[in-house]
Amino acid sequence: MGLIIRILISAVAVYVASLFIPGISVTGGAGTYLVIAIVLGLLNAFVKPILTVLTIPITILTLGLFLIVINVLMVYLASSLVSGFHVSGFIAAFLFSIVVSLVTSLLDAIV
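Residues numbered from 1 in each chain as written. Predicted model: local features only at pLDDT ≥ 70, side-chain atom pairs only at ≥ 80, totals over all residues. Heavy atoms only, no water.

Looking up the protein chain in an unreviewed UniProt entry gives the name Phage holin family protein, with the organism given as Spirosoma liriopis.

Rendered as structure tokens:
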């Protein structure tokens, strides 16, 4: 039951982010938001740790700021995997990842 709630919270966070960020477009209904949330969750669970380990030297050199680039890459990868989800640029993907993180944290604290 907890996994379903987390997916729903992530879907709401994706919806909120798509409302406020002009470079993000989501076509489709609520199912598309759920698919985006699931894909982002799977990418963050399986691909992001591999990329983080592979980029440890550059992450150390940039004092951890390269992790922002990895977050943006996860958003771009989700955009390429989900047909109704489009990201127009780096700044849009960056803001999307920030808004999704903030809204998810806020909703997790409430629920």
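Chemist: So, the pattern of salt bridges: which residues are in play, and what are the values?
Modeler: Within the structure shown, the criterion is met by one salt bridge. Across the pair R6 and D108 runs a salt bridge whose closest N-O atoms are separated by 2.7 Å. Of this pair, R6 sits in helix α1 (residues 2-20) while D108 sits in helix α5 (residues 90-110), placing them 102 residues apart in sequence. Judged by its relative accessible area of 45%, R6 is partly exposed. Residue D108 is classed as partly exposed on the basis of its relative accessible area of 30%. (Salt bridge = Lys/Arg side-chain N within 4 Å of Asp/Glu carboxyl O. Helix = DSSP H or I, 4+ residues; strand = E, 2+ residues; numbered from the N terminus. Buried < 20%, exposed > 50% of the residue type's maximum accessible area, 1.4 Å probe, protein only.)

Chemist: Which residues make up the packing of aromatic side chains, and what values do they have?
Modeler: Per the counting criterion, the structure on display carries two aromatic pairs. Pairing Y15 with Y33 gives two aromatic rings, centres 5.3 Å apart and planes at 85°, and the pair type is edge-to-face. In this pair, Y15 is assigned in helix α1 and Y33 in helix α2 (residues 30-54), connecting sequence segments 18 residues apart. For Y15, a relative accessible area of 40% puts it in the partly exposed group. Assessed through its relative accessible area of 13%, Y33 is described here as buried. The interplanar angle of 45° and the centroid separation of 5.4 Å between the aromatic rings of F85 and F96 together place this pair among those described as tilted. Within this pair, whereas F85 is found in strand β2 (residues 85-87), its partner F96 is found in helix α5, the two being separated by 11 residues in sequence. The exposure class assigned to F85 is buried, which follows from its relative accessible area of 2%. (Phe/Tyr/Trp six-rings, centres within 6.5 Å; stacked < 30°, edge-to-face > 60°.)

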